[in-house]
Amino acid sequence: MLGRARRLLADNLGQRVTARTDIDVLVVGAGPGGLTAANYLARFRRSVLVADGGCPRASWIPLSHNTPGFPAGISGDAILARMREQAEEYGARIEPGWVQGLVRDGAGFTASIDGREVRARAVLLATGVVDHHPDLPGVERAIERALVRICPICDGYEATDKAVAVLGHSDKGVSEAAFLRTYSNRVTLIHVGPPGDLTERDALVRLGIELVETPIEAVRLEGDRVTAFCWGGADRSFDLVYSALGTSPNAGLAQALGARLADDGRLEVDLHQKTSVPGLYAAGDVVRGLNQIAVATAEAAVAATDIHNTLRQQDGQTV
Ligand SMILES: Cc1cc2nc3c(=O)[nH]c(=O)nc-3n(C[C@H](O)[C@H](O)[C@H](O)COP(=O)(O)OP(=O)(O)OC[C@H]3O[C@@H](n4cnc5c(N)ncnc54)[C@H](O)[C@@H]3O)c2cc1C
């Protein structure tokens, strides 16, 4: 036990994590959730490795105006850089690497990360989701320029009085268009799914939301704020477009361990962010709930604290 404690302390104090590693906690994903957990765990003097596959969703944010503490707004990259610096300051290791597999190993887990093995007493999944982007030319650039947006809860306020198109299928598109009516009375739902998927037509009429069901023939993203959609000879401009095409959670590692998933494929967790697999925690977008930075960081703080206290109990620290 003493040897293990020394090894953990050495890891925490800065030795390089090498080919075969024993640590307290493996965090999968270096978005806001994973980086917050790393900061907390490192400050609890835990040896923690964050393995990240790159491109956290947060890095897509051109300028966030709803992140607490930044009244003038802050970009996703700037948030991530600050969080990373803070976690590393206290000894967390953050390394690029894709976690290919996670298997039970005694009371903990062994992870394979790009060909090496890491054994951890607990694992936190902060693996996020993958957005289903619309099939538009230059869509990635358009998201960077905030012409195409993903999240009205994040930036609906900035759509105030703008001409807004919502690209959606099923009644999820209707809900998103309805949500945006808080901000603008010029909202158009461009329905890209089968007509039978749309049951809430009355709500659209009641809310004064225009419905377009004709297939889009061409799209132009031009200038700073002009987006033109063409259908049936019509050519219309919008100030911005919201994509309401949904996401897929990165829950495969947990699923392979038999963790319980919600109907939408996200991970079910308890009040301490524990999944149904002992020692496996989850936080952020991969967990059912509101996909927000504030939520991911809060969940990560809860998870990290419970992990630390659980490991203390396992080590006989019952007081
Ligand atoms: C365009 C856009 C604008 C947004 N604007 C805002 C905003 O203004 N305010 C706000 O609060 N929220 C905003 N959001 C939402 C916010 O980005 C997310 O809620 C937040 O990033 C979730 O953090 P996370 O840590 O759960 O996941 P992410 O930030 O997505 O990070 C997950 C990480 O896990 C890694 N990963 C996944 N699987 C593996 C694996 N097997 N091995 C290794 N690594 C893995 C991924 O590579 C990724 O780096 C926006 C999102 C988008 C797309």
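The rules behind each value
- Residues numbered from 1 in each chain as written.
- Predicted model: local features only at pLDDT ≥ 70, side-chain atom pairs only at ≥ 80, totals over all residues.
- Heavy atoms only, no water.
- Helix = DSSP H or I, 4+ residues; strand = E, 2+ residues; numbered from the N terminus.
- Contact = heavy atoms within 4.5 Å.
- Disulfide = S-S within 2.5 Å.
- Buried < 20%, exposed > 50% of the residue type's maximum accessible area, 1.4 Å probe, protein only.
- Near = heavy atom within 4 Å.
- Polar contact = N/O pair within 3.5 Å; in protein donor to acceptor, adjacent residues only side chain to side chain.
- Areas by Shrake-Rupley, 256 points an atom, 1.4 Å probe, with all protein chains shown as cover.
- Core = buried A, V, L, I, M, F, W, Y, C linked by side-chain atoms within 4.5 Å.
- Pairing = 2+ DSSP bridges.
- Axes fitted to C-alpha atoms, helices over the stretch in contact; angles between N-to-C directions.
- pLDDT = per-residue confidence, 0-100.
- Salt bridge = Lys/Arg side-chain N within 4 Å of Asp/Glu carboxyl O.

### Some words on the environment of Asp161
Among the structural elements, Asp161 can be located in the loop between helix H5 (152–155) and strand E9 (164–168). For Asp161, the contacting residues outside a window of four places in its chain are Tyr183, Ser184 and Arg186.

### A closer look at the state of the cysteines
What is meant by a disulfide is a covalent connection between two cysteines, made through their sulfur atoms. Scanning the entire structure with this criterion turns up one disulfide. Paired by a disulfide, Cys151 and Cys154 hold their sulfur atoms 2.1 Å apart. Residues Cys151 and Cys154 are joined through a disulfide that is right-handed, its torsion about the S-S bond being 75°. The thiol of Cys55 is unpaired, and the distance to the nearest cysteine sulfur, on Cys154, comes to 18 Å. We classify Cys55 as exposed; its relative accessible area is 67%.

### Overview of the site of the ligand
Lining the immediate environment of the ligand, one finds 35 residues, of which Asp52, Gly54, Asn66, Val99 and Ile293 sit closest. Here an oxygen atom of the ligand and a backbone polar atom of Gly33 are 2.9 Å apart. Here an oxygen atom of the ligand sits 3.3 Å away from a polar atom, N or O, in the main chain of Gln292. Notes on the ligand: free accessible area 1,000 Å², of which the protein chains cover 96%. Counting residues per element, the ones that place at least two in the shell around the ligand are helix H2 (32–43), strand E2 (48–52) and helix H9 (293–314).

### Regarding the nonpolar core
Counting residues in each nonpolar core, the largest one holds 28 residues, and the members touching the most others are Val27, Ala37, Leu41, Leu124 and Ile307. Secondary-structure elements contributing two or more residues to this core are strand E1 (20–28), H2, E2, helix H3 (76–89), strand E6 (116–125) and H9. Once residues lying within four places of it in the same chain are set aside, the contact partners of Ala37 are Val27, Leu124, Ala300 and Ala304. Formed by 24 residues, the second largest nonpolar core is a distinct cluster that contains Leu102, Leu125, Ala254 and Val277.

### With respect to the sheet that holds strand E10 (residues 187–191)
With respect to topology, five strands assemble into an open sheet ordered E8-E15-E9-E10-E11, the strand pairing being parallel. Two strands lie at the open edges of the sheet, namely strand E8 (148–149) and strand E11 (210–212), each paired on one side alone. The pairing of E9 with E10 spans five bridges and is classified as parallel. Across the sheet, residue Leu167 finds its bridge partner in E10, namely Ile190. Contacts from helix H6 (residues 170–180) reach E9, E10 and strand E15 (240–244), with the element oriented near 160° to E9.

### What to know about the confidence of the model for the chain
Averaged over every residue, the pLDDT of the chain is 89; residues scoring 70 or more account for 92%. Below pLDDT 50 for its whole length, residues 1–18 participates in 33 contacts with residues either more than four positions away or in separate chains.

### Quick notes on the pattern of salt bridges
Side chains that carry opposite charge are capable of pairing whenever their charged atoms lie near each other. Taken as a whole and assessed by the stated rule, the structure comprises 14 salt bridges. With a closest N to O distance of 3.4 Å, Lys172 and Glu176 form a salt bridge. Here Glu176 and Lys172 lie together in helix H6, a separation of four residues that amounts to about one turn. Residue Arg201 is joined to Glu213 by a salt bridge in which the shortest nitrogen-to-oxygen separation is 3.0 Å. Residue Arg201 is located in helix H7 (residues 201–207), and its partner Glu213 is located in the loop between E11 and strand E12 (218–222); the two are separated by twelve residues in the primary sequence. Given a relative accessible area of 30%, Arg201 falls into the partly exposed group. Looking at Glu213, the relative accessible area reads 33%, which means it is partly exposed.

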